[in-house]
Amino acid sequence: MAEAYIVDAVRSPVGKRRGKLAHIHGADLGAHVLKALVERNPSIPAEDYDDVVFGCLDAIGPLAGNIARSCWLAAGLPLTVPGVTVDRQCGSSQQALHFAAQAVMSGVNDVVVAGGVQTMSQIPISSAMIAAKPLGFSDPFSGSKGWAARFGDQPVSQFYAAQKIADQWNISREEMEVFSLESHQRALKAIAAGRFNKEIVPLEGLEQDETPRQTSLEKMKSLEPLEPGGKLTAGVSSQTCDGSSALLVVSEKALKRYNLTPRARVHHMSVLGDDPIMMLTAPIPATRHALKKAGMKLEDIDLVEINEAFASVVLAWFKEIGYPHEKTNVNGGAIALGHPLGATGAKLMCTLLNELERTNKRYGLQTMCEGGGVANVTIIERLG
C-alpha cells in the first residue's frame, strides 16, 4: 500500500478568550498558517497543491461558507486549489489529517494540506444552537422521534458527560485539580524551554500560547463548580480560545518530485463510536481498537497526545488503558494550552511530531473525545 508522509506541521499561537487573537477573522487566522506552510516549503509550487482539508466545528458566521477554501484564498494563494471543510466536532482537524492521508494513500492526490481553525472568542461553542432558536430548534435532537425512541430525554451535554465520567470512575475533584495543575506546569516549562518554537508561527506579536496560567491547588479549590454539588469547575476544563493549525501531507512521488524530507509516516488511522450520552468515553475503546488494528502493543507507543477536554476524560482513559502519565501530554494539554475546537486535532499532531523528534522516539499516538460519542486515533512513526 502507498504511504502518506507528514513533511511539515505549523500552528498559530493559541489566543485566550478575548485575547490577542480575538479580533481576527477566521479566514485570516487560517490563512496565517497556510501561507506559512507554503512559504516554508518553496520547492512545491503553490498551484501544485491538490486540496486543502480544514476542520471547523459548527461553522456559522465568519466561519461559514467553506472556511477551508476561504482561508486559502485569504492567504493570496492560487484560485485553482480547492478546499473542503470537515466537522467531526472536536476531532475535525484530526479527521482532516485522516482524509488527507487517505487521498494520498489512494493515489488520488500527492500534496494535501490538513488542518483547522476556530475563533471561539467570536463564536462560542453554543452559538450554533443559539442561531437555530429563531428557526424553532432548541437543540440538535429536539423533534427526532428516532433519537427519542433510542435515548429518551437524557441530557446530551459534554458537561453532563464529564461529570458522569468522574462519578463512574470514582475520580475526585482533587484528583482532577492535581492533574490540571500539572498540565499548566508542564506547559509553562515547555514554553520556557522553547519546545513549541518550531511549530508556532507568531501572530499579532504573540509568539507563544497565551493560555497557560501560574496557578495553584488553592486557587483551583476556590472555584465554584459548574453545577451545585458537582466536581467540574473551569479549572479542570479545557479553555475557550482561538487558533489555527496546518499539516503538509504528501505521497512518496511528491517526496521525490519536490526533493522533500519526510518527518513522519502515518502508520495508522481509525475512528470508533461509543455511547453518545456519556459522549467523552470513546477514546478508551478507540485506543484499544486502534492498537489491535495496527498490530501493536501499548508498550510500542512512545508518546501520547490525548485532548484534555476535561480532566476526568484523561484520568478515566489512564485507568482503563494503563498508559503512564509520564509519557502523555508531556508538554501540557488543553486545560493549560487551550482547545480551539476545529484546530485542535492538527495542533496536537504538531506537538506530538515535534516531541518525537526532540526525544528521538519512534511511535506517537493521538486521540481525542468528540461530540456524538466518537474518537479518532492516529499513530505516526517518526522518520529520520
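Structure first, text after, so check above.
Residues numbered from 1 in each chain as written. Predicted model: local features only at pLDDT ≥ 70, side-chain atom pairs only at ≥ 80, totals over all residues. Heavy atoms only, no water.

> Which residues make up the overall build of the protein chain, and what values do they have?
Along the backbone of the protein chain there are 13 helices and ten strands. Against the 2.2 N^0.38 benchmark of 21 Å for 384 residues, the protein chain shows a C-alpha radius of gyration of 20 Å, consistent with a compact globule. Taken along the three principal axes of its C-alpha coordinates, the protein chain extends 60 × 50 × 45 Å. Expressed as a percentage of its 384 residues, the buried residues of the protein chain come to 57%. The contacts of the protein chain with a sequence gap of at least 6 include a subset with a gap of at least 24, amounting to 81%. Only carbon and sulfur atoms are counted for the fraction: they give 52% of the accessible area of the protein chain, which is about 15500 Å². Looking at charge distribution, the protein chain has the averaged site of its 38 positive side-chain charges lying 2 Å from that of its 41 negative ones. (Helix = DSSP H or I, 4+ residues; strand = E, 2+ residues; numbered from the N terminus. Rg over C-alpha atoms; globule rule 2.2 N^0.38 Å. Buried < 20%, exposed > 50% of the residue type's maximum accessible area, 1.4 Å probe, protein only. Contact = heavy atoms within 4.5 Å. Areas by Shrake-Rupley, 256 points an atom, 1.4 Å probe, with all protein chains shown as cover. Lys, Arg positive; Asp, Glu negative; His and termini not counted. Charge placed at Lys NZ, Arg CZ, Asp CG, Glu CD.)

> Let's hear about the pattern of salt bridges: which residues, and what values?
Tallied over the entire structure, the rule returns 15 salt bridges. The shortest N-O distance in the salt bridge between Arg-173 and Glu-177 comes to 2.6 Å. Here Arg-173 pairs with Glu-177, and both are found in helix α7 (residues 173–192), just four residues apart, close to one helical turn. For the pair shown, Arg-173 and Glu-177 are each scored as buried. (Salt bridge = Lys/Arg side-chain N within 4 Å of Asp/Glu carboxyl O.)

> Tell me about the side chain of Ser-183, and name the residues and values.
Position of Ser-183 among the secondary structure elements: in helix α7. Beyond its immediate chain neighbours, meaning those up to four positions away, Ser-183 contacts Glu-308, Gly-332, Gly-333, Ile-335 and Ala-336.

> Tell me about the packing of helix α3 (residues 92–105) against helix α13 (residues 344–359), and name the residues and values.
Two elements in contact, α3 and α13, have axes whose closest approach is 4 Å; the angle formed by their N-to-C orientations is 70°. It follows that α3 is roughly perpendicular to α13 by the angle criterion. Residues Ser-93, Gln-94 and Leu-97 of α3 form the contact with α13, whose participating residues are Thr-344, Gly-345, Ala-346 and Met-349. The residue inventory of the contact of α3 with α13, partitioned by class, reads three nonpolar, four polar and no charged. (Axes fitted to C-alpha atoms, helices over the stretch in contact; angles between N-to-C directions. Parallel < 35°, antiparallel > 145°, perpendicular 65-115°, else oblique. Nonpolar A, V, L, I, M, F, W, Y, C, P; charged D, E, K, R; others polar.)

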